[in-house]
Amino acid sequence: GAVVSQHPSRVICKSGTSVKIECRSLDFQATTMFWYRQFPKQSLMLMATSNEGSKATYEQGVEKDKFLINHASLTLSTLTVTSAHPEDSSFYICSASGGLMTGELFFGEGSRLTVL
Amino acid sequence: AQSVTQPDIHITVSEGASLELRCNYSYGATPYLFWYVQSPGQGLQLLLKYFSGDTLVQGIKGFEAEFKRSQSSFNLRKPSVHWSDAAEYFCAVGSTGGFKTIFGAGTRLFVKA
């Protein structure tokens, strides 16, 4: 199957700083990527849909200015958590679509963000 | 509204015993159905998927699932569980391109020796 790599896997930062998480499709071109947030022992919550070359589509309740998404190439999408606060601490997971003819998603390994 | 329900928050089975994880969905059209597995601190891995055709689908690691339209269910089964199967299992419903994929709350599987 297709490989999606996410980096960093773990990051600790101070409150008020910004953190960037990268999501790369290693062996295929991903025109669409998805960013999820997962709280402990809970399911995945879709934050936004990232489209190559255009603005991301955010889900209701997700702050666009807090969670900046950039999808500048067919193999890279980034999520930047700006002015992070302890409540932003979470597990962030990206996924890439397997294509228009399939609903399958390929997931990155996830990034654990801890804001002190 | 579209939704996915996994009634069991956690399940414990003995190694070698059979397993069934339940999943019910609500979807307006013909759904694309998935089961994903997540190990602690990891991303999700696809176990199997159903788009159309044979309602009994085979996946990786010896898992299978059966789509029952009349019951709006897509239960995951495995005849003999291994200790390495302990993980979180998510049922999901989606559409082409992966858009608006909705995940269930997950079922944590514990395997006892």
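The coordinates are above.
These numbers were taken from a predicted model, which means no experiment stands behind them.

Colleague: Provide a residue-level description of the state of the cysteines, including the pertinent values.
Modeller: Going through the model one piece at a time under the given rule, you end up with two disulfides over all chains. Between the sulfur atoms of A:Cys23 and its disulfide mate A:Cys94 the distance is 2.0 Å. Disulfide A:Cys23-A:Cys94: the torsion about the S-S bond is 80°, which places it as right-handed. Of the two residues, A:Cys23 is situated in strand β3 (residues 19-25) and A:Cys94 in strand β9 (residues 90-97); the sequence distance between them amounts to 71 residues. Residue A:Cys23 shares its accessibility class with A:Cys94, and that shared class is buried. A sulfur-sulfur separation of 2.0 Å characterises the disulfide bridge that pairs B:Cys23 with B:Cys91. Here B:Cys23 and B:Cys91 share a disulfide; its torsion about the S-S bond, -65°, makes the bridge left-handed. One end of the pair, B:Cys23, is in the loop between β3 (19-21) and β4 (24-26); the other, B:Cys91, is in strand β10 (residues 87-94), and 68 residues separate them in sequence.

Colleague: How would you explain the interface of chain B and chain A if you had to name every residue and give the values?
Modeller: With 22 residues of chain B at the contact, the number on the chain A side is 23 residues. A:Glu104 is the salt-bridge partner of B:Lys49, the closest N and O atoms lying 2.7 Å from each other. Our count for the contact surface shared by chain B and chain A stands at five residue pairs in polar contact (both at pLDDT 80 or more). Residue assignment for the side of chain B that touches chain A shows that the elements contributing at least two residues are β5 (32-38) and β6 (44-50) of chain B. It is β5(B) that contributes the most residues to the side of chain B that touches chain A, four residues altogether. When the residues that make up the side of chain B that touches chain A are grouped by side-chain class, the tally is 10 nonpolar, 10 polar and two charged.

Colleague: Any chance you could break down the sheet that holds strand β1 (residues 4-7) of chain A for me, citing the residues and the numbers?
Modeller: Note on sheets: strands pair through backbone hydrogen bonds, and any given pair is parallel or antiparallel. All names here are of chain A. The strand order β1-β3-β8-β7 describes an open sheet built from four strands, whose pairing is antiparallel. Two strands close off the open sheet at either side, each with one partner strand: β1 and β7 (67-73). Strand-to-strand twist in this sheet, taken as the mean axis angle between neighbours without regard to direction, amounts to 15°. Note that β7 and strand β8 (residues 76-81) share five bridges and pair antiparallel.

Basis of the calculations
- Residues numbered from 1 in each chain as written.
- Chains lettered and ligands numbered in written order.
- Predicted model: local features only at pLDDT ≥ 70, side-chain atom pairs only at ≥ 80, totals over all residues.
- Heavy atoms only, no water.
- Disulfide = S-S within 2.5 Å.
- Helix = DSSP H or I, 4+ residues; strand = E, 2+ residues; numbered from the N terminus.
- Buried < 20%, exposed > 50% of the residue type's maximum accessible area, 1.4 Å probe, protein only.
- Contact = heavy atoms within 4.5 Å.
- Salt bridge = Lys/Arg side-chain N within 4 Å of Asp/Glu carboxyl O.
- Polar contact = N/O pair within 3.5 Å; in protein donor to acceptor, adjacent residues only side chain to side chain.
- Nonpolar A, V, L, I, M, F, W, Y, C, P; charged D, E, K, R; others polar.
- Pairing = 2+ DSSP bridges.
- Axes fitted to C-alpha atoms, helices over the stretch in contact; angles between N-to-C directions.

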